[in-house]
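# Fold and geometry: a report
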Amino acid sequence: MEALALERKAEQNRELKERIAQLKKERNAIILAHYYQRDEIQEVADFRGDSFLLAQKAAQTDADVIVFCGVHFMGESAKILAPNKTVIIPDERAGCPMADMVNVEGLKALKSRHPNAKVVTYINSSAEIKAETDICCTSANAVKVIQSVDADEIIWVPDKNLGDYVSKFTDKKMIIWEGYCNTHDMLTVKDVMEMKAQHPNAQFVVHPECRPEVVKLGDFVGSTTAIIKYCKESDCQEFIVGTEDGTGFQLRKDSPDKTFHFATKFLVCPNMKVNNLKKVVKCLETMQPQIYVPPQVAEKARLSLERMLQVK
Ligand code: 13P
Ligand code: SF4
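Residues numbered from 1 in each chain as written. Chains lettered and ligands numbered in written order. Predicted model: local features only at pLDDT ≥ 70, side-chain atom pairs only at ≥ 80, totals over all residues. Heavy atoms only, no water.

## Considerations on the packing of aromatic side chains
- Tallied over the full model, the rule gives four aromatic pairs.
- Both rings, one in Phe-220 and one in Tyr-230, keep their centres 4.3 Å apart while their planes meet at 5°; by these two values the pair is stacked. Of the two residues, Phe-220 sits in strand S10 (residues 220-221) while Tyr-230 sits in helix H11 (residues 224-233), which places them 10 residues apart along the sequence.
- Geometrically, the ring pair formed by Tyr-230 and Phe-239 is edge-to-face, given 6.5 Å between the ring centres and 80° between the ring planes.
- Accessibility expressed as a relative area gives 24% for Tyr-230, which makes it partly exposed.
- For Phe-239, a relative accessible area of 0% translates into the label buried. (Phe/Tyr/Trp six-rings, centres within 6.5 Å; stacked < 30°, edge-to-face > 60°. Helix = DSSP H or I, 4+ residues; strand = E, 2+ residues; numbered from the N terminus. Buried < 20%, exposed > 50% of the residue type's maximum accessible area, 1.4 Å probe, protein only.)

What follows is the structure, encoded as structure tokens:
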């Protein structure tokens, strides 16, 4: 962008941020933003975080309104955990393709074929799927959750890559659904090897939503928060990052002197980028779109999320 256009954009963002601050006060609202959101959205958030931290914040807040800047299942989880709050999202088209890869009929059929299995569901799923679930997990607590489950057989939905990673930490039999994250699954061994050759002093940090053969190359494997913490605390000065590029905002904030190379320019979740500051203003002004979960679904889904929050 030219200097003038950049200046104009910065001025526009300043005005939008002021309006957001004013509306937040009027509505007694908080803004929760996932680490994959655009930088300017992360800048106005009361809490930035991964799926786990944001679910915790939603469950704990005293605010009347939660503006959830992430994708649809995250807003839904917030509403399920905080049923008396109004949960609004900047754009209801921000979905998660992985969450849509599993449906209730398919899951029920699998359950009937494995009647002794417990269902562990990644939080990247719909409320209806969570309602058919024994316990949810996020990438931050997946191993602990699996180890906490009192069953020898586990039905795991929907992420096959995270399922493969977690299965290395348990002797339980895992029946793994064939879903995946379109964004993380794009990263190949070739991409990583090329980056490693270009940056021989860098460590490779990788999210377990990536393919197993890519995860295997990781110097560190973890959820978005775990990656951020590792890079901050590590003595290493240079990293190749195998997760969504929005994570760069927090990585650079925490460690301005370190260098972060994203493993490919394709590690961008288009769904996460649908939100922008204008839409945050609009949803606070109109209080739309609101998340609604039918009470009978929410009640069952809440149990699976609350069980997850209790795992230590
Ligand atoms: P975490 O927030 O658990 O790191 O998961 C990444 C993700 O893909 C969220 O949609
Ligand atoms: Fe879904 Fe992947 Fe985007 Fe996360 S990064 S919202 S899992 S598509």
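## Topic: the pattern of salt bridges
- Enumeration over the complete set of coordinates arrives at 15 salt bridges.
- Here Lys-111 makes a salt bridge to Glu-132, at a shortest N to O gap of 2.9 Å. Residue Lys-111 is found in helix H5 (residues 104-113), and its partner Glu-132 is found in the loop between helix H6 (127-131) and strand S6 (135-137); the two are separated by 21 residues along the sequence.
- On the accessibility criterion, Glu-132 (15% relative accessible area) is buried.
- A salt bridge links Asp-164 to Lys-168; the nearest nitrogen and oxygen atoms lie 2.9 Å apart.
- Judged by relative accessible area, which is 58%, Lys-168 ranks as exposed.
- Taken together, the salt bridges that share partners define one network made up of Asp-91, Arg-93 and Lys-279. (Salt bridge = Lys/Arg side-chain N within 4 Å of Asp/Glu carboxyl O.)

## Section: the sheet that holds strand S3 (residues 65-69)
- Spatially, four strands are ordered S2-S1-S3-S4 in an open sheet, and the strand pairing comes out parallel. A single partner strand is all that each edge strand has here, and the edge strands are strand S2 (47-49) and strand S4 (86-88). Strand-to-strand twist of the sheet, defined as the mean angle between neighbouring strand axes without regard to direction, takes the value 20°.
- Two strands pair when backbone bridges link them, and strand S1 (residues 29-34) and S2 are joined in this way by three bridges, in the parallel orientation. Within S2, the position partnered with Leu-32 by the bridge is Phe-47. (Pairing = 2+ DSSP bridges. Axes fitted to C-alpha atoms, helices over the stretch in contact; angles between N-to-C directions.)

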